[in-house]
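# Coordinate analysis (summary)
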Amino acid sequence: MNDNGIDGYRTYLARRDGEADLLNRRLSSREEFFAALEADSVRSAHRVDRQVFARNLRRRRPESGVDRQLLFLLATAKLNQAERFGVGLGETYGHNSGDDVPPERVYMELEEHYHTRLLAYVLDIFDLPFQVVAPPLVMRQFVKTAVFLPERMGFMFVGAAEMAGCIMFHQLRRIGVELFADEPDVAARIDRLYSEILTDEVGHVGYCAARCTPAERAIMRRLYPRIGRLFARQTFEISLLTDRQELNALLDRPFDVDELSAGLSNETFLAAHP
Ligand SMILES: [Fe+2]
Ligand SMILES: [Fe+2]
């Protein structure tokens with residue numbers, strides 16, 4: 001990590017992601033990453049009932065009797081839908097495109113597109129299909145607020161959501177690795193896919209923080225635990241997978257980038273601390 005602010009972040013993005021191609025939604029280095037993954041696919045021996053999965057994906061709360069492994073896969077799929085919904089809206093409204101928009105924004109939008117793919121690849125280990133499902137009403141309203149706020153206010157709001165997202169991905173990465181410890185290659189693949197997302201999200205937090213004034217960063221820090229609790233409630237599987245007191249305590253502690261970055265194989269970059 002270093003602290004060259006937004007200029008440093010731009011350099012980092014070009015180094016990490018390669019060329020950005022908005023039309024084809026491609027980052028050249030990511031394509032290489034996915035090609036390597038596909039050449040070395042991992043399959044779990046764990047059998048997941050597709051119908052039970054699909055049915056629960058459309059439910060607010062899972063049916064009783066759903067085991068922790070399936071809860072993890074449902075949480076993965078549902079977080080994916082909430083992200084996809086937000087990224088799609090921002091893209092549709094051209095929020096990250098244009099001569100007046102700084103170049104890192106195209107990179108960030110494309111990284112978010114890849115998150116959909118990364119999370120879908122977690123499901124693919126279990127032979128579960130990627131499906132498009134609208135997130136629940138409260139999440140949709142939350143995402144719309146984040147997308148349509150005036151830009152000045154948007155950074156602290158989106159920044160707080162990115163911070164909360166880091167905590168959710170960090171937790172799911174840990175839980176997924178634990179749950180599938182009996183299949184080391186599956187656990188390693190889950191770790192790899194989630195690590196890739198977490199690396200990007202740490203960068204997004206730093207970028208939003210760098211675009212905020214100190215007063216706005218203070219609001220960003222205040223909003224973050226509230227948004228974290230909202231995410232956990234709205235993706236109810238996360239509430240079931242985590243210890244409520246532990247999650248609350250984690251969200252109430254200062255945001256610790258070093259802790260989040262520990263164990264990531266990628267270099268992270270924080271343009272400014274939130
Ligand atoms: Fe993301
Ligand atoms: Fe993000």
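The structure under discussion appears in the preceding block.
Anyway, here's the lowdown on the structure attached to this text. (Residues numbered from 1 in each chain as written. Chains lettered and ligands numbered in written order. Predicted model: local features only at pLDDT ≥ 70, side-chain atom pairs only at ≥ 80, totals over all residues. Heavy atoms only, no water.)

### Side note on the overall build of the protein chain
- Scanning the protein chain from terminus to terminus reveals 12 helices and two strands.
- Along its sequence from the N terminus, the protein chain presents helices and strands in the succession α-β-β-α-α-α-α-α-α-α-α-α-α-α.
- The C-alpha radius of gyration of the protein chain comes to 18 Å, within 12% of the 19 Å expected for a compact globule of 274 residues.
- Counting only C-alpha atoms and orienting by the principal axes, one finds that the protein chain spans roughly 50 × 40 × 35 Å.
- Relative to its 274 residues, the protein chain shows a buried fraction of 55%.
- Counted over contacts in the protein chain with a minimum sequence separation of 6, partners at least 24 positions apart contribute 81%.
- For the protein chain, the accessible area works out to roughly 12,500 Å², and carbon and sulfur atoms hold 51% of it. (Helix = DSSP H or I, 4+ residues; strand = E, 2+ residues; numbered from the N terminus. Rg over C-alpha atoms; globule rule 2.2 N^0.38 Å. Buried < 20%, exposed > 50% of the residue type's maximum accessible area, 1.4 Å probe, protein only. Contact = heavy atoms within 4.5 Å. Areas by Shrake-Rupley, 256 points an atom, 1.4 Å probe, with all protein chains shown as cover.)

### Some points on the coordination of the iron ion (ligand 1)
- Every protein donor of the iron ion (ligand 1) is accounted for by Glu 83 (OE), Glu 112 (OE), His 115 (ND1) and Glu 201 (OE), and the metal-donor separations fall at 1.7 to 2.2 Å.
- The coordination sphere of the iron ion (ligand 1) comprises four donor atoms, whose angles at the metal cover 93 to 136°; the geometry is irregular.
- Linear spacing of the donor residues for the iron ion (ligand 1) on their chain is E-x28-E-x2-H-x85-E.
- Between the iron ion (ligand 1) and the iron ion (ligand 2), both coordinated by Glu 112, there is a metal-metal distance of 3.7 Å. Remark: Glu 201 occurs in helix H8 (residues 184-210) and Glu 112 occurs in helix H5 (residues 104-124); sequence separation between them is 89 residues. Considered together, Glu 112 and Glu 201 belong to a single accessibility category, that of buried residues. (Donors = N, O, S within 2.8 Å, 3.2 Å for Na, K, Ca; no water. Tetrahedral: all angles 85-135°; square planar, octahedral: opposite > 155°, others 65-115°.)

### So, the coordination of the iron ion (ligand 2)
- The coordination sphere of the iron ion (ligand 2), as far as protein atoms go, consists of Glu 112 (OE), Glu 162 (OE), Glu 162 (OE), Glu 201 (OE) and His 204 (ND1), spread over 1.9 to 2.6 Å.
- In the primary sequence, the donor residues of the iron ion (ligand 2) line up as E-x49-E-x38-E-x2-H.
- Exposure remark for Glu 201: the relative accessible area of 2% places this residue in the buried category.

Nothing here speaks to function; it is all geometry.
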